[in-house]
Amino acid sequence: MNRTSIACIAFDGRKVFIAHRNPVGQMGGRWEFPGGKVEEGEDEKDSIVRELQEEFGVEVTVGDRIAEASFKHNSDEFSLHAYLVQFPHNGLEKKFTLTEHTEYRWAELAEIPQLNFVDSDMLIYPQICKYLAQSLPDV
């Protein structure tokens, strides 16, 4: 069975939003583009709004799908779709509420390969870099 996961790409013109997972489970303690699994009968964009509300306590605006990849996890097939999202604020002056992560920050795209990032997100990383470079020439 092929399941769909979503990754949320928030970009402030210079840096991308990343989050450090709680130290539990197979991907625990690693950095990621926030997101999660699309639930049965749920639209991908609705799942993004739900996931970011659950994980950060914030209402986001969902934009275009900008990257996708396929991967296997525990013998299950997954499709990973990355969407641009826009936060109502940057989470620095007014902190986001964390439920699935120990911390978050805005990172330079170039530093992501040096971080302990989840494998599936590294599959879409080149597409994200290419998209952001094309749409924002300053990247």
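Just above, that's the structure.
Our subject in this report is the structure included herewith. These figures come from a predicted structure and were not determined experimentally.

**Remarks on the packing of aromatic side chains**
Reasoning step 1: By the definition in use, this model includes twelve aromatic pairs.
Reasoning step 2: Measuring from centroid to centroid gives 5.3 Å for Phe17 and Trp106, while their planes differ by 65°, and the two rings are edge-to-face. On the criterion of sequence distance, the pair formed by Phe17 in strand β2 (residues 15-21) and Trp106 in strand β7 (residues 101-108) is long-range, its members being 89 residues apart.
Reasoning step 3: On the basis of relative accessible area, Phe17 is assigned to the buried category, the value being 1%.
Reasoning step 4: Look at Trp106 and you get buried, because its relative accessible area is 14%.
Reasoning step 5: Ring pairing ties together the aromatic residues Phe17, Phe56, Phe87, Phe96, Tyr104 and Trp106, which thus form one cluster.
Reasoning step 6: Directly above the ring of Trp31 sits Arg105, whose terminal nitrogen or CZ lies 5.3 Å from the centroid.

**Quick notes on the sheet that holds strand β1 (residues 2-10)**
Reasoning step 1: What the four strands build is an open sheet, ordered β4-β1-β6-β5; its pairing is mixed. Of all the strands in the sheet, just β4 (35-37) and β5 (61-73) have a single pairing partner and so form its edges. Put simply, the sheet's adjacent strands are angled 20° from each other on average, direction ignored.
Reasoning step 2: Summarising the sheet, β1 and β4 pair through three bridges and their orientation is antiparallel. Considered in β4, the bridge of Ala7 is made with Gly35.
Reasoning step 3: Its contacts with the sheet place helix α1 (residues 44-56) against β1, β4, β5 and β6 (76-86), and it is angled at close to 65° to β1.

**Observations concerning the pairing of β5**
Reasoning step 1: Alignment of β5 against β6, held across ten bridges, turns out to be antiparallel. Paired with Thr61 across the strands is Gln86, a residue of β6.
Reasoning step 2: Adjacent in sequence and paired antiparallel, β5 and β6 are bridged by two residues, among which Asn74 carries a positive phi angle near 50°.

**A word on the sheet that holds β2**
Reasoning step 1: Strands sit in the order β3-β2-β7 across an open sheet of three strands; the sheet is antiparallel. Each edge of the open sheet carries a strand with a single partner, namely β3 (31-32) and β7.
Reasoning step 2: Alignment of β2 against β7, held across seven bridges, turns out to be antiparallel. What sits directly across from Arg21, in β7, is His101.

**Remarks on helix α2 (residues 119-135)**
Reasoning step 1: With 17 residues, α2 extends 25 Å between its outermost C-alpha atoms, agreeing within 8% with the 24 Å of an ideal straight helix rising 1.5 Å per residue.
Reasoning step 2: Considering bend angle alone, the principal kink of α2 is centred on Tyr125 and spans about 40°; proline Pro126 follows within four residues of it.
Reasoning step 3: By the burial criterion, the buried members of α2 are Ser120, Asp121, Ile124, Tyr125, Ile128 and Leu132.
Reasoning step 4: Packed against the buried residues of α2 are β1, β3, β5 and β6.

**With respect to the environment of Gly36**
Reasoning step 1: Here Gly36 shows up in strand β4.
Reasoning step 2: As a C-alpha pair, Gly36 and Leu84 span 48 residues in sequence and 14 Å in three-dimensional space.
Reasoning step 3: Apart from residues lying up to four places away in sequence, Gly36 is in contact with Thr4, Ser5, Ile6 and Glu51.

So, how was this worked out
Residues numbered from 1 in each chain as written. Predicted model: local features only at pLDDT ≥ 70, side-chain atom pairs only at ≥ 80, totals over all residues. Heavy atoms only, no water. Phe/Tyr/Trp six-rings, centres within 6.5 Å; stacked < 30°, edge-to-face > 60°. Helix = DSSP H or I, 4+ residues; strand = E, 2+ residues; numbered from the N terminus. Buried < 20%, exposed > 50% of the residue type's maximum accessible area, 1.4 Å probe, protein only. Lys NZ or Arg CZ within 6 Å of the ring centre and 35° of its normal. Pairing = 2+ DSSP bridges. Axes fitted to C-alpha atoms, helices over the stretch in contact; angles between N-to-C directions. Contact = heavy atoms within 4.5 Å. Expected span 1.5 Å × (residues − 1). Bend = angle between axes of the 7 residues up to and from the residue.

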